[in-house]
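What the coordinates show
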Amino acid sequence: MAAKRSIVVDTDPGIDDALAIFLACASPELDIRAITTVAGNVGINRTTRNALQLIGLAGRSGIPVHRGADRPLRGTWTTIEDIHGQNGLGGVTLPGATGAESGPAVDALIALLGSAGPDSITMVLIGPQTNLALALRRKPEIARAIGEIVVMGGSLDPAGGNTTRFAEFNIHVDPLAAEIVLKAGRPMIWAPLEVARQASIDPLWLDLLRAVDRPCAAAAADMLDFYIRSFSRGAALYDPLTILALLAPELFDLRAVALEIDASETETAGQTRFRPGAGDGRIRVAASCKADRVRTLLLDRLAAL
Ligand code: BDR
Ligand code: CA
């Protein structure tokens, strides 16, 4: 088997984050070196507790979980319990965590990246990007250890946001952080709103998941029962796309782009401006995906966990 890819998952669970964490745990190709939590979908106490409980249920309590930023670099943000439930997991009660929190996220990122070889770590960013931005601000040289940054965020359509007309949630919560991460100059893959919508799941897919008689699949199905209600048609499973793009890049149409992030405090704050065909090839965005195969891969992996 090829060498495992070392990843750090930076996350705000969050129902779709929970699916991404399960998927990563179910993927032998990946070595999850750490999970860092951030405030986003819900507050930091809940995202951190949820991360611990999720890896506990997946039988992976050995993965260090580090509590991260409790707010964006600038200003405040609004949590979205209407989509993720009061506890961030659609009201689903998971068994208590078997592991305890490790040290603070920014210190952990600096230590992990600071001691890793060049290009050896893949950062998976599926929440506001505050933690990595803080770490890069404190020690810019840690960027060299990052081989790739895989982001769920932004929209291809500059007026196609899900939080404001112009901005997607993760980038809107902390545009300044996203700009700092972008300017670190590392290779990036972006999974924007449009590709997540294309790979939406529907009640039939949920039935298939529910038919899997395993604890994580059952918990995921219960959470998705709640989540799917906030969508009029199929539910966009945003965050797992990052892991899926690592596992099966051939399922995604990745296009080289130039990217600008609006870090202003105006009404367009958090807007992502992708320019296809421009840039130096360092940044790629998933323009579309083979949706059926993406959904099948997700289901197969969850069924094996
Ligand atoms: C992103 O925002 C959050 O609500 C989801 O977890 C996902 O990371 C989608 O806009
Ligand atoms: Ca998220």
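Bear in mind the structure is a predicted one, so any value in this text is a computation, not a measurement. (Residues numbered from 1 in each chain as written. Chains lettered and ligands numbered in written order. Predicted model: local features only at pLDDT ≥ 70, side-chain atom pairs only at ≥ 80, totals over all residues. Heavy atoms only, no water.)

Quick notes on the packing of helix H1 (residues 15-25) against helix H10 (residues 215-227)
Counted only if it meets this: Interaxial angles span 0 to 180 degrees and are taken between N-to-C directions of axes, which are lines fitted to C-alpha atoms, for helices over the stretch in contact. A run of DSSP states H or I qualifies as a helix once it reaches four residues; a run of E qualifies as a strand once it reaches two. Both are numbered from the N-terminal end. Small angles under 35 degrees read as roughly parallel and large ones over 145 as roughly antiparallel, with 65 to 115 read as roughly perpendicular and the rest as oblique. The sense of a crossing depends on the near helix, which, turned anticlockwise from the far helix by less than a right angle, makes the crossing left-handed and, turned clockwise, makes it right-handed. We call two residues in contact when some of their heavy atoms are within 4.5 Å.
Between H1 and H10, whose axes approach to 10 Å, the crossing angle comes to 160 degrees. Overall, the two elements H1 and H10 adopt an arrangement that is roughly antiparallel. Of the two possible hands of crossing, H1 and H10 adopt the one that is left-handed. Counting all contacts with H1, which are made through Ile15, Asp16, Ala18, Leu19 and Phe22, the residues of H10 involved are Cys216, Ala220, Met223, Leu224, Phe226 and Tyr227.

Overview of the site of ligand 1
For clarity, the cut-off: Only a single heavy atom is needed: when it lies within 4 Å of a molecule or strand, its residue is near that molecule or strand. What qualifies as a polar contact is a pair of N or O atoms within 3.5 Å, subject to a donor-acceptor requirement within protein and to the restriction that residues adjacent in sequence count only when both atoms come from side chains. Where accessible areas are quoted, they stem from the Shrake-Rupley method and a 1.4 Å probe; at the residue level, only the protein chains shown are allowed to cover.
Around ligand 1, 14 residues are found, and the nearest of them are Asp16, Asn41, Glu168, Asn170 and Asp239. Within the side chain of His84, an N or O atom sits 3.3 Å from an oxygen atom of ligand 1. At 2.9 Å from an oxygen atom of ligand 1 is found a side-chain nitrogen or oxygen belonging to Asn170. Out of a free accessible area of 280 Å², ligand 1 has 97% covered by protein chains. Of all the secondary-structure elements, those providing two or more residues to the shell around ligand 1 are H1 and helix H6 (169-173).

Overview of the pairing of strand S7 (residues 252-261)
The criterion, for reference: Two strands are said to pair when DSSP picks up at least two bridges between them.
As paired strands, S7 and strand S9 (residues 283-289) are joined by six bridges and run antiparallel to one another. The partner of Asp253 across the bridge, within S9, is Ser288.

Focus: the coordination of the calcium ion (ligand 2)
For clarity, the threshold we go by: Here the coordinating atoms are restricted to nitrogen, oxygen and sulfur within 2.8 Å of the metal centre, or 3.2 Å for Na, K and Ca, and because water is not among them the sites may look incomplete. We call a residue buried when its accessible area falls under 20% of the maximum for its residue type, exposed when it is over 50%, and partly exposed in between, using a 1.4 Å probe and counting protein chains only.
Distances from the calcium ion (ligand 2) to its protein donors, Asp12 (OD), Asp17 (OD), Asp17 (OD), Ile126 (O) and Asp239 (OD), fall within 2.3 to 2.5 Å. For the calcium ion (ligand 2), the donor residues sit on a single chain with the sequence spacing D-x4-D-x108-I-x112-D. With Asp17 in helix H1 and Ile126 in the loop between strand S4 (121-125) and helix H5 (130-138), the pair connects residues that are 109 residues apart, well separated along the chain. Assigned by exposure class, Asp17 and Ile126 land together as buried.

Notes on the state of the cysteines
Filter applied, for reference: Any two cysteine sulfur atoms within 2.5 Å of one another count as a disulfide.
This model, assessed by the stated rule, comprises zero disulfides. Summary of cysteine pairing: Cys25 is not part of a disulfide, and the nearest cysteine sulfur, belonging to Cys216, is at 7.4 Å. For Cys216, a relative accessible area of 2% translates into the label buried.

Some remarks on the sheet that holds strand S1 (residues 5-11)
What holds strands together in a sheet is hydrogen bonding between their backbones, with the strands either parallel or antiparallel. Spatially, nine strands are ordered S3-S2-S1-S4-S5-S6-S9-S7-S8 in an open sheet, and the strand pairing comes out mixed. Each edge of the open sheet is held by one strand with a lone partner, namely strand S3 (65-66) and strand S8 (272-276). In the sheet, strand S2 (residues 30-37) pairs with S3 via two bridges, with the strands oriented parallel. Within the sheet, the bridge partner assigned to Ile35 lies in S3 and is Val65.

A few points about the packing of aromatic side chains
Quick reminder of the rule: Two rings belonging to Phe, Tyr or Trp (six-membered ring only in the last case) form a pair when the distance between their centres is within 6.5 Å. Interplanar angles under 30 degrees mark stacking, angles over 60 mark edge-to-face geometry, and anything in between is tilted.
Throughout the structure, instances matching the rule amount to three aromatic pairs. Relative to Phe231, the ring of Tyr227 has its centre 5.1 Å away and its plane inclined at 50 degrees; by these criteria the two rings are tilted. Aromatic side chains Phe231 and Tyr238 sit 6.5 Å apart centroid to centroid with 45 degrees between the ring planes, which places their arrangement in the tilted category.

What about the environment of Ser120?
Note that Ser120 resides in the loop between helix H4 (105-115) and S4. We classify Ser120 as partly exposed; its relative accessible area is 33%. For the pair Ser120 and Asp174, spaced 54 residues apart in sequence, the C-alpha to C-alpha distance is 26 Å. When neighbours within four sequence positions are excluded, Ser120 is seen to be in contact with Ser6, Ala145 and Gly147.

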